[in-house]
Every structure is written in C-alpha cells, then in structure tokens.
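Coordinates in review
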Amino acid sequence: MILVTGGAGFIGANFVIDWLAAHDEAVVNLDKLTYAGNLENLRSLQGDARHVFEQGDIGDRARVDALLQRHRPRAVINFAAESHVDRSIHGPAEFVQTNVVGTFNLLESVRAHWSTLAAEEQAAFRFLHVSTDEVYGSLDPADPAFSETTAYAPNSPYSASKAASDHLVRAYHHTYGLPVLTTNCSNNYGPLQFPEKLIPLVIHNALAGKPLPIYGDGSNVRDWLYVSDHCSAIRRVLGAGRVGEVYNIGGCNEKTNLEVVKTLCAILDELHPDSPVMPHASLITFVKDRAGHDRRYAIDAGKIERELGWTPSETFESGIRKTVAWYLENQDWVKHVTSGEYRHWVSRNYAEHPA
Ligand code: NAD
Ligand code: TYD
C-alpha cells in the first residue's frame, strides 16, 4: 500500500480518488483535517476497504512512526501543507510549523522506517514530495519558464516554507540515501478546490452575485493545470521517476488573472443564463494588490515529457468548462465548506483589500 498525507485536501483527495480508480493498491490517508481538509471530498470512497483514513499531523513523530510500522507502505506521497499564499501573509507561523517542521518530522519518521527495511524493499521504497513552482520566485514577461535548474528565490512565507521543505527532502537523499522524488507544479484548478483560491472563489462569488476581487490590475500571470493532470503526473513520477530527481509539472497555459476571470464569467453566462447578475463580468472589481505579489509563473515541463512521456490531457478551455460545471452541480459541497471557518477568513482578508 501507499501512504498519502494531506489526502482530504484539494489535490490529495483528487489523487486518492484517481489512484483507487486506476489501481487496486490500498491507500492510507493521513490528514490533520485543518480548515482545508474535508472528509466530504472522500465521500465517494465510503465503504471502500482500500481506503484507510487516519486523522493526524505529519509532525507527530509517534503517530507517524506507529502508522508506518502498522501499514508498512512501499511509498509515501506528501501533499500535506498549508497552501494559501494570502493566509501565509496574515499568519506565517502555521506555514513554518507544517511545511518545514512537519515535513522534517515526517522525513525523520520515514527515514527511521526505511532504515529497518530489507535491502530490496529499501531500493524499491519512494518518498515523493509534492511541491510548487512558487519556490522559483517571480518571472518578468520575457524571462524563460522555470526549469528544474532555476535557482530557488521564494518570495512569500508560503513559498519560502515550501522551498525549505524541498531542501530538506533533497538533503535526506544526499546525506542518508533516502529514495526521494520531488515535483514542482504550477497552479492547479478543478473539482474540490477550497473557495479561497482564485478560480473557485470567483465561481462562488459570481453565483452569489458578489464582487469578483482582482488584486492589482489583473495582469499577473499564472500557469494553470487541471488537477487530474497533476495527479497523473505524480503517478508517472512515482512509477518511473529517477530517484533523487526533481520534475517540474505544468500545463503550458499561461493566463493573466483578468483573462481567467473573464473566461469564467463567459462560461457562467452560458451555463447559468438565469443568473440575476448578467453579464457576470459586471461583478469584476479591482482591489488592493497582494503584498509581494509574484508577477508571473511559467513552467518548462520538458523534462517530465522527455524522460517519462507525460503530457497533460486537458487544455485550459476543456478543464475550465469541466470545473465550472462541477461547481454548478455541487453547490451543496460549496455550501457546507463556506459555512465554517472559511467565512471568518474571507471577511478578514477582504477587509484588508478594499476596492
Ligand atoms: P489544500 O490546502 O487544499 O490541502 C492541504 C491538506 O493538508 C488538507 O487536507 C489539510 O487538512 C492537510 N494538512 C495540513 N496540515 C497538515 C498536517 N500538519 N498534517 C497532516 N495534514 C495536514 O492544499 P492543495 O491545494 O491540495 O495542495 C496540496 C499540496 O500540493 C501542497 O503541498 C501544495 O503546496 C502543493 N501544490 C499545490 C498547488 C495548487 O495550485 N493548489 C500547486 C502546486 C503544488
Ligand atoms: P491563488 O489562487 O491564491 O494562487 P497563488 O497565489 O498560489 O498563485 O491566486 C492566483 C492568482 O490570483 C494570484 O495572482 C493572486 C490572484 N488573486 C486575485 O486576484 N484575487 C483573489 O481574490 C485571489 C484569492 C487571488
């Protein structure tokens, strides 16, 4: 079996669901269930004996040691993290705690477990660390895309904490020989994404007739990848990636934030013509910029394509339509998510981003 951490969050839950659709190999899912963890994301797996959920913290050595001893996974895939840049600006401590200290403790547990394995099992074992393109910093419009050899230059507490965790993972391979793999992926979107990130937030606000907040002038650029393509890339790296290597994953879909929001509005106009607010783009509101806002991210995904034959299945156009349709069909999911802690967070954040 494999051990997935953070598997009740956006990408982790999509990964577990896709994994069990593609394999019979069981998954132990360790998640602390922070505000971003949601067991409803895993509802489709209820009653499936191949999925074992364990609530717990990746930083809890005793807990993780016991889990590793009990389940003896052949691989650990680490999704668990604090993941939202705006939250990291308001409260960086939690990011250092989970992303840096938590990953360190997880690595210590995994190293201790791995060192007890027989030579053959040691060679086959993998620790796959899921990271972000944000560790490379910000690009100017004419700069080449981030490659695996781009120097790290993280700008937010979120990206700095992810960069620190990447360095620890690298060091555990270099120093102890732990068989690690690291992936650095661009912005994901798709079903089950918590409506604090740009795409689900805009869909949610548009349906509620609320302003669509665009930081600054909307010209910041992100590369967007449909979440199931990220999951297929991780499966590919786990199966065939060279130990100790880093693989950048991206969608070749660079868009300004304004383009993304206008595209969402046009799809909503078409799929939700009875909306009281038409056109939805009339809700677009430019608000105060994010502190230290990275201008542009772009990924050169040539290495994973050349070495492992991975390419994304969805274009931005197909993925974004599927995403809007999913949110329209799953309004109950959105309602449940937005009734909790999230509401307090939204009012606090946007009080600091006046129009
Ligand atoms: P998310 O915030 O939706 O989910 C994170 C999950 O981790 C939640 O279920 C949460 O409960 C869990 N978690 C948090 N702290 C934990 C801890 N100490 N112990 C155990 N579980 C804990 O995040 P996401 O968007 O699904 O991102 C998953 C991973 O992918 C992160 O490592 C993130 O840095 C990386 N990533 C995300 C994106 C993106 O666009 N969302 C892009 C590239 C990489
Ligand atoms: P986000 O989804 O938070 O991802 P990240 O910061 O990790 O790239 O934001 C994507 C882009 O959208 C980023 O440039 C910030 C911008 N943004 C807005 O303009 N308005 C918003 O309300 C949010 C949440 C993000």
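Above this note sits the structure.
Structural notes, computed from the coordinates. All values derive from a computational prediction rather than experimental measurement.

A few points about the site of ligand 1
In the neighbourhood of ligand 1, 29 residues make up the surrounding shell, with Ile11, Asp31, Ser83, Tyr158 and Lys162 lying closest. Note that an oxygen atom of ligand 1 is positioned 3.1 Å from one of the backbone N or O atoms of Phe10. In this structure, Asp31 approaches ligand 1 through a side-chain N or O atom, which is 2.6 Å from an oxygen atom. The protein chains hide 97% of the 830 Å² of surface that ligand 1 would expose on its own.

Looking at the packing of aromatic side chains
Overall, the coordinates contain 14 aromatic pairs when judged by the stated rule. A centroid spacing of 4.9 Å and a plane angle of 80 degrees characterise the contact between Trp326 and Tyr327, whose relative ring orientation is edge-to-face. Members of the aromatic cluster, each reached through a chain of ring pairs, are Tyr136, Phe146, Tyr152 and Tyr297. Taking the ring centre of Tyr176 as reference, the NZ or CZ of Arg111 above it sits at 3.8 Å. Sitting above the plane of the Tyr247 ring, Lys303 keeps its charged end 4.8 Å from the centroid.

Considerations on helix α9 (residues 257-271)
For α9, which comprises 15 residues, the first-to-last C-alpha distance of 21 Å matches the rise-based estimate of 21 Å (1.5 Å per residue) to within 8%. Listing the buried residues of α9 in full gives Asn257, Leu258, Val260, Val261, Leu264, Cys265, Ile267, Leu268 and Asp269.

As for the pattern of salt bridges
All told, the structure shown has 20 salt bridges when counted by the stated rule. In this structure, the salt-bridge partner of Glu317 is Lys255, at a minimum N-O distance of 3.8 Å. Here Glu317, found in helix α11 (residues 316-329), pairs with Lys255, found in strand β11 (residues 254-256); they are 62 residues apart in sequence, far enough to count as distant. Look at the salt bridges and you will find they share partners, linking Arg242, Glu245, Lys303 and Glu307 into a network.

Structural notes on the packing of α9 against α11
Contact pair α9 / α11: the axes reach a minimum separation of 10 Å and the direction vectors enclose 55 degrees. Considering their axes alone, α9 and α11 lie oblique with respect to each other. Crossing geometry of α9 relative to α11 is assigned as right-handed. When α9 is examined against α11, the residues Val260, Thr263, Leu264, Ile267, Leu268, Glu270 and Leu271 are found in contact with a partner set consisting of Phe316, Ile320, Arg321, Val324, Ala325 and Leu328.

Some remarks on the pairing of strand β4 (residues 75-78)
Burial along β4 is two-sided: the residues Ala75 and Ile77 and Val76 and Asn78 are all buried. When strand β1 (residues 2-5) meets β4, the two strands line up parallel, connected through four bridges. In the strand pairing of β4, Leu3 is matched with Val76. Examined bridge by bridge, β4 and strand β5 (residues 126-132) share four bridges and lie parallel to one another. Residue pairing for β5: Val76 is matched across the bridge by Phe127.

A look at the sheet that holds β1
Here seven strands make up an open sheet; going across it, the order is β3-β2-β1-β4-β5-β6-β10 and the pairing parallel. Both outer strands of the open sheet, β3 (51-55) and β10 (246-249), are each paired with one neighbouring strand and no more. Each adjacent strand pair in this sheet contributes to an overall mean axis angle of 20 degrees, direction not counted. Bridging between β5 and strand β6 (residues 180-185) involves six bridges; their strand directions are parallel. Bridging from a neighbouring strand, Ser131 pairs with Asn184 of β6. The sheet strands contacting helix α8 (residues 227-240) are β4, β5, β6 and β10, and the helix crosses β5 at an angle near 145 degrees.

Brief notes about α8
For α8, which comprises 14 residues, the first-to-last C-alpha distance of 20 Å matches the rise-based estimate of 20 Å (1.5 Å per residue) to within 8%. By the burial criterion, the buried members of α8 are Val227, Asp229, His230, Cys231, Ser232, Ala233, Ile234, Val237 and Leu238.

Description of the nonpolar core
With 64 residues, the main nonpolar core has Phe15, Ile77 and Ile304 as its most contacted residues. In contact with Ile304, other than residues within four places in its own chain, are Ala233, Val237, Tyr247, Asn248, Ile249, Gly309 and Trp310. Listed in part, the 20 residues of the second largest apolar core include Leu67, Leu106, Val110 and Val169.

Scoring rules and cut-offs
- All residue numbers refer to positions counted from 1 along the written sequence of the respective chain.
- Both sets of labels track the order of writing: A upward for chains, 1 upward for ligands.
- Confidence filtering applies because this is a predicted model: local features only for residues at pLDDT of at least 70, side-chain atom pairs given and counted only at 80 or more, and all residues used for totals across whole chains, interfaces and linings.
- The side-chain numbers reported here are obtained from all heavy atoms of the structure, hydrogens and water having been left aside.
- Here a residue is near a molecule or strand as soon as one of its heavy atoms is found within 4 Å of it.
- Counted as a polar contact is a pair of N or O atoms within 3.5 Å, where, for protein atoms, one must be capable of donating a hydrogen and the other of accepting one, and residues adjacent in sequence contribute only when both atoms are in side chains.
- With residues, only the protein chains shown are counted as cover, and all accessible areas are computed by Shrake-Rupley using a 1.4 Å probe.
- Pairing of aromatic rings covers Phe, Tyr and Trp, the last through its six-membered ring, and needs centres within 6.5 Å; plane angles under 30 degrees mean stacked, over 60 mean edge-to-face, and all others mean tilted.
- Geometrically, a charge over a ring is one whose NZ (Lys) or CZ (Arg) sits within 6 Å of the ring centre while staying within 35 degrees of the ring normal.
- Strands here are runs of E lasting at least two residues and helices are runs of H or I lasting at least four, both read from the DSSP assignment and numbered beginning at the N terminus.
- Each helix should span, by expectation, one fewer than its residue count multiplied by 1.5 Å.
- The cut-offs for exposure are 20% and 50% of the maximum accessible area for each residue type, with area from a 1.4 Å probe on protein chains only; residues under the lower value are buried, those over the upper are exposed, and the others partly exposed.
- When a carboxyl oxygen of Asp or Glu is within 4 Å of a side-chain nitrogen of Lys or Arg, the pair counts as a salt bridge.
- Fitting a line to C-alpha atoms yields each axis, with helices limited to the stretch in contact; the angle taken between N-to-C directions then spans 0 to 180 degrees.
- Here the angle decides the label: under 35 degrees means roughly parallel, over 145 means roughly antiparallel, 65 to 115 means roughly perpendicular, and every other value means oblique.
- In this scheme, a crossing is called left-handed if the near helix is turned counterclockwise away from the far one by less than a right angle; it is called right-handed if the turn is clockwise.
- Two residues form a contact once any of their heavy atoms are found within 4.5 Å.
- Two strands pair if DSSP finds at least two bridges between them.
- The criterion is simple. A nonpolar core is a set of buried Ala, Val, Leu, Ile, Met, Phe, Trp, Tyr and Cys residues joined through side-chain atoms within 4.5 Å.

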